[in-house]
Amino acid sequence: MRSCHLRDLISDQNRIEMLSFDEGNLFFDFSKQLVSSETIGLLTDLAERAGLTSQIAQLFEGKFINRSENRPALHTALRMPTNSRVEVEGQDVIPIIQASHERAFDFADRIRAKQWLGATGQPISSVVNIGIGGSHLGPYMAYKALRSYSDNSIDCRFISNVDPRDLNTNLSSLDPETTLFIVNSKSFTTSETLTNAESAMEWVEKNLGENPEILQKHFVAVTANKEKAERYGFTPDNIYPIWEWVGGRFSISSATSLALMVAVGPEYFKTMNEGCQQMDQHFQSSDLNENIPALMGLIGIWNRNFLGYSSHAVIPYAYDLAAFPAYLEQLEMESNGKNIDNEGNLVMYETGPSILGGVGTNAQHAIFQYLHQGTTIIPVDFIAFVNPSPSKGTIGKDVVMRQHEALIANCFAQSQGLAIGDTEGGRSLSSDGNRPSSTILASRLDPFTLGQLIALYEHKVFTMGALWQINSFDQWGVELGKSLVSNVSNDLAGISTSTGHDSSTRSLIDQFHQRKDKI
Ligand code: F6P
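Residues numbered from 1 in each chain as written. Predicted model: local features only at pLDDT ≥ 70, side-chain atom pairs only at ≥ 80, totals over all residues. Heavy atoms only, no water.

**Details of the site of the ligand**
1) Next: As a structural note, the neighbourhood of the ligand is formed by 13 residues, with S135, S185, S187, T190 and E334 the closest of them.
2) Next: Note that an oxygen atom of the ligand is positioned 2.7 Å from one of the side-chain N or O atoms of S187.
3) Next: Here Q330 contributes a side-chain N or O atom positioned 3.2 Å from an oxygen atom of the ligand.
4) Next: Here the ligand loses 86% of its free accessible area of 390 Å² to cover by the protein chains.
5) Next: Looking at the shell around the ligand residue by residue, the class counts come to two nonpolar, eight polar and three charged. (Near = heavy atom within 4 Å. Polar contact = N/O pair within 3.5 Å; in protein donor to acceptor, adjacent residues only side chain to side chain. Areas by Shrake-Rupley, 256 points an atom, 1.4 Å probe, with all protein chains shown as cover. Nonpolar A, V, L, I, M, F, W, Y, C, P; charged D, E, K, R; others polar.)

Below is the structure:
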C-alpha cells in the first residue's frame, strides 16, 4: 500500500510537476495538499457536473446570479477592457464604469497636485476614508500592500470603527483646514460610517467655524445611494458612484478605492486592475484542470467537505500584506458563511470554512504551535514574494536581501515542516506532519501582482459557492444584529427600559449602568 503521507508524496518529482502551475507572474505549488491527480480529476468532474463553467460565464455576462437581491455580481466589469460590453437591464455598464473611474482619477490627481483647497484656502494634505466592511477592508489592505509605491505626498488615514478611539486617535493628529474626508458607504445607511462622518463634520465645523463651504470642500461621498448622499447635502460633483450590481466586499476595483488612488496615484490603481483583469481572463477562459482559482476552490471543497477541515489559514510572508487575512475574512466568510442554498433550503453539507491568518514570520510565534501539533488540522495558504518591495528605508540593500531571504526561508521551512512532520523527538516534541498547505510565489508585491491575488481569491470564493449552490453575493445574516442594536442603545442611554430583553442582556445593561462613570 503506497504511503499517503505527505512526507512520502512530496518526494516524488512527478508530483511536483503535476501539481505546480505558472499563471501570469504567479507560481502555485499545490503538491503539499492531500490530493493526487486522481483527486483533481474527480473534483473537476464534480465541478463540471455542478455546471461551474456555465456559472463562470454567467458571472461575467452579468446574469442575475445574486438571486436573493435580484441583481448581477459584476466586479469583473470594473476592470474589463474599455471596448468590452456588459449590459445590466439593457444598459451597457462599461462606459458608466469608465466615466466613474475618470472622475475618481481626476479627484485623486487634483488632491495629489495640491489643487484641492479647503474652506480656508489651504490645500488638502490629508485624506481620511470613513467606511467599514467592504468600504474599508479592501482599500485599506491595498493601501498597506502598496505603501512602497506611494510617494506619501498625501497623508492617508482610515477610520472604520464606531469606537471613538478610532476617530479620536486619527483626528488628534490632523489639521481640519487641510483634511478631506471620504464618506465611503455603498448603502449610505451603515450606522458606524454615518456616525463617524457626522462626528468628523462637527470636528471640522468646531475648528473652522460656521462655513457653508465646509461640506463641499472637506467631504466627498462614495456610494450607490446617490439620493441618500444628496439628502445629506453632498452635491452630485462630490459623489463618486458605485453600483448595486457590485458587492461591497468585491468593490476594490471601483471608486471604493478612492483613498488608494490618492495614496499611490491613478496609474498604480489602473495597474492593480490590470492584474485583476489578467486573472479574470484566466478564470473565464481556462479549462478547469488548469484554472487556478477553480483549482484552489476545488481543493478548498476537498479539504472542507471530504477531509472535514473546518478552518483555513492564510499566511502572507510580507509585512505589507498584514491586512490581507482580515480582508479575506470578509471576502470568504461573508460570501460563503451561509446555511441556505439558492433554492431556499437548509444545506445538508458544510459550507464556508472559518478563515484565520496572520503575517509571516510573526504568525510562527502565535498560531503555528496549533498548526503543527493541534488536534484540528487547518490547511494553510502561504503567500511569498521572491524579491523585496522597493524600499526607501535607511538600511542597505545587503541588509534588505539578507533579511528578506530569512523571511522566505521561514516560509518554505514552515510548509515543509507541516507536510513532513518530525517523529524523531519523542512524543511531545514530535509533529505528525501530513498537514496540507499551498504556496503561492510571486516575483514581487507590486500593483499588478496584488490585483492578481485579489481576483484569484474572489474567483476561488465564487467557485466554492457555486459548488455549494449558495449565494456568495448577499449577506442577510448581518441584518439581525443591526435590528437589535437600537433597543439596546436606547436602554444604555437611559431613553427607555425595554422589557423585551432576555435576562442575560438585561443583566449586562444593568451592569453597564452600575459601573458607568465609576472609574
Ligand atoms: O457587513 C455588512 C455590510 O453590508 C458589508 O457587506 C459591507 O461591505 C459593509 O456592511 C459596509 O456597507 P456600506 O458600504 O453600505 O456602508
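**Here's the deal with the domain arrangement of the protein chain**
1) Next: Annotation of the protein chain at the domain level lists domain 1 (24-77 + 271-468), domain 2 (107-266) and domain 3 (476-515).
2) Next: Once you take the C-alpha centre of each, domain 2 and domain 3 turn out to be 31 Å apart. (Domains from an automatic or database assignment.)

**Section: the packing of aromatic side chains**
1) Next: Evaluation of the coordinates by the stated rule reveals 22 aromatic pairs.
2) Next: Centroid distance F324 to Y457: 5.7 Å. Interplanar angle 75°. Geometry classified as edge-to-face. Note that F324 is positioned in helix α14 (residues 324-336) and Y457 in helix α17 (residues 447-468), a separation of 133 residues in sequence.
3) Next: Under the relative-accessibility criterion, F324 is labelled buried at 0%.
4) Next: Taken together, F60, F250, F283, F462 and F473 form an aromatic cluster joined through their ring pairs. (Phe/Tyr/Trp six-rings, centres within 6.5 Å; stacked < 30°, edge-to-face > 60°. Helix = DSSP H or I, 4+ residues; strand = E, 2+ residues; numbered from the N terminus. Buried < 20%, exposed > 50% of the residue type's maximum accessible area, 1.4 Å probe, protein only.)

**Quick notes on the nonpolar core**
1) Next: Membership of the largest hydrophobic core comes to 102 residues, with the highest contact counts inside it found for M141, L321, F324, L450 and Y457.
2) Next: The leading source of residues in this core is α17, at twelve residues.
3) Next: Residue contributions to this core reach at least three from each of two domains, namely domain 1 (24-77 + 271-468) and domain 2 (107-266).
4) Next: When residues no more than four places from it in sequence are discounted, the contact partners of Y457 are M296, V314, F324, L328, L331, E332, D381, I383 and I440. (Core = buried A, V, L, I, M, F, W, Y, C linked by side-chain atoms within 4.5 Å. Contact = heavy atoms within 4.5 Å.)

**Comments concerning the packing of helix α12 (residues 266-285) against helix α13 (residues 292-306)**
Between two packed helices, what matters for the description is the angle formed by their axes and the separation of those axes.
1) Next: Orientation of α12 relative to α13, taken along the N-to-C sense of each, is 70°, at an axis distance of 7 Å. Comparing the axis directions of α12 and α13 gives the class roughly perpendicular. From α12, M279, H282 and F283 reach across to α13, where they touch I292, P293 and A294.
2) Next: Taken together, the residues that form the contact of α12 with α13 break down as five nonpolar, one polar and no charged. (Axes fitted to C-alpha atoms, helices over the stretch in contact; angles between N-to-C directions. Parallel < 35°, antiparallel > 145°, perpendicular 65-115°, else oblique.)

**Looking at the pattern of salt bridges**
If charged atoms from side chains of opposite charge come close, those side chains can pair.
1) Next: Under the counting rule described, the total for this entry stands at 25 salt bridges.
2) Next: One salt bridge in this structure joins R67 and E343, with 3.1 Å as the shortest N-O distance. Of this pair, R67 sits in the loop between α4 (52-61) and β3 (87-88) while E343 is found in the loop between α14 and β11 (354-357), placing the two residues 276 residues apart along the sequence.
3) Next: Classification of R67 by relative accessible area gives partly exposed; the value is 46%.
4) Next: Under the relative-accessibility criterion, E343 is labelled exposed at 55%.
5) Next: Of the charged contacts, one joins R79 and D280 as a salt bridge, the two residues approaching to 2.7 Å between their closest N and O atoms. With R79 in the loop between α4 and β3 and D280 in helix α12, the pair connects residues that are 201 residues apart, well separated along the chain.
6) Next: Residue classification places R79 among the buried residues on the basis of a relative accessible area of 3%.
7) Next: Exposure remark for D280: the relative accessible area of 4% places this residue in the buried category.
8) Next: Through salt bridges with shared partners, one network takes in E69, R71, K186 and E244. (Salt bridge = Lys/Arg side-chain N within 4 Å of Asp/Glu carboxyl O.)

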